[in-house]
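What follows is the residue order along each chain.
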Amino acid sequence: MSAHGRVIFANLIDANGDGAIDMVSFLDEKGSIGLAVDSTGNGKIDKVYVFQDVTGDGKMDSDDEVLLLNKANELVADTANPQNPRLISF
């Protein structure tokens, strides 16, 4: 994924080994950007922890949370069709 010329990596994590994605960690060359979590176990990411500005506006705010939440849920939805992966961009 790319945001404002940055390459952002996403790690999809099955933390409890049940075959479903429980967390998505977002990283760039500077380190951790954020962590998105399915806190209820229903298969939908519902909590986001932001560690860096993602939108490029110079602040960490709800815009960054919403962006990571949406991208995390897109990635989780894509795991339902692994034969047709796609690049998700910011």
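See the structure above.
Not measured: the values here are computed from a predicted model. (Residues numbered from 1 in each chain as written. Predicted model: local features only at pLDDT ≥ 70, side-chain atom pairs only at ≥ 80, totals over all residues. Heavy atoms only, no water.)

### Brief notes about the overall build of the protein
- Assigned secondary structure in the protein consists of 1 helix and 6 strands.
- Considering only contacts in the protein between residues 6 or more positions apart, those separated by 24 or more positions represent 27%.
- Just so you have it, the protein exposes about 5,300 Å², and 53% of that area is on carbon and sulfur atoms. (Helix = DSSP H or I, 4+ residues; strand = E, 2+ residues; numbered from the N terminus. Contact = heavy atoms within 4.5 Å. Areas by Shrake-Rupley, 256 points an atom, 1.4 Å probe, with all protein chains shown as cover.)

### Details of the pattern of salt bridges
- A full pass over the atoms with the stated rule returns 1 salt bridge.
- Glu74 is the partner of Lys71 in a salt bridge, and the nearest nitrogen-oxygen pair spans 3.5 Å. Highlighted residues: Lys71 and Glu74, both in helix α1 (residues 62-78), separated by 3 residues, approximately one helical turn.
- Looking at Glu74, the relative accessible area reads 25%, which means it is partly exposed. (Salt bridge = Lys/Arg side-chain N within 4 Å of Asp/Glu carboxyl O. Buried < 20%, exposed > 50% of the residue type's maximum accessible area, 1.4 Å probe, protein only.)

### Quick look at the sheet that holds strand β3 (residues 9-13)
- Taken in spatial order, the 4 strands of this open sheet run β3-β4-β5-β6, and their pairing is antiparallel. Edge positions in the sheet fall to β3 and β6 (47-50), since each has one partner strand and no second. Strand-to-strand twist of the sheet, defined as the mean angle between neighbouring strand axes without regard to direction, takes the value 20°.
- Where strand β5 (residues 31-37) and β6 come together, 4 bridges link them in antiparallel fashion. Its bridge partner being in β6, Ala36 is matched across the sheet by Val48.
- In the packing of α1 onto the sheet, contacts are made with β3, β4 (23-28), β5 and β6, and the angle to β4 comes to roughly 120°. (Pairing = 2+ DSSP bridges. Axes fitted to C-alpha atoms, helices over the stretch in contact; angles between N-to-C directions.)

### Concerning α1
- The end-to-end C-alpha distance of α1 is 24 Å, a good match for the 24 Å that 17 residues give at a rise of 1.5 Å each.
- Among all positions of α1, only Asp64, Leu68, Lys71, Ala72, Asn73, Leu75, Val76 and Asp78 are buried.
- Tucked into the core, α1 has its buried residues touching β3, β4, β5 and β6.
- Backbone nitrogen of Asp63 and a side-chain oxygen of the N-cap are separated by 3.1 Å at the start of α1; the cap is Asp61. (Expected span 1.5 Å × (residues − 1). Polar contact = N/O pair within 3.5 Å; in protein donor to acceptor, adjacent residues only side chain to side chain.)

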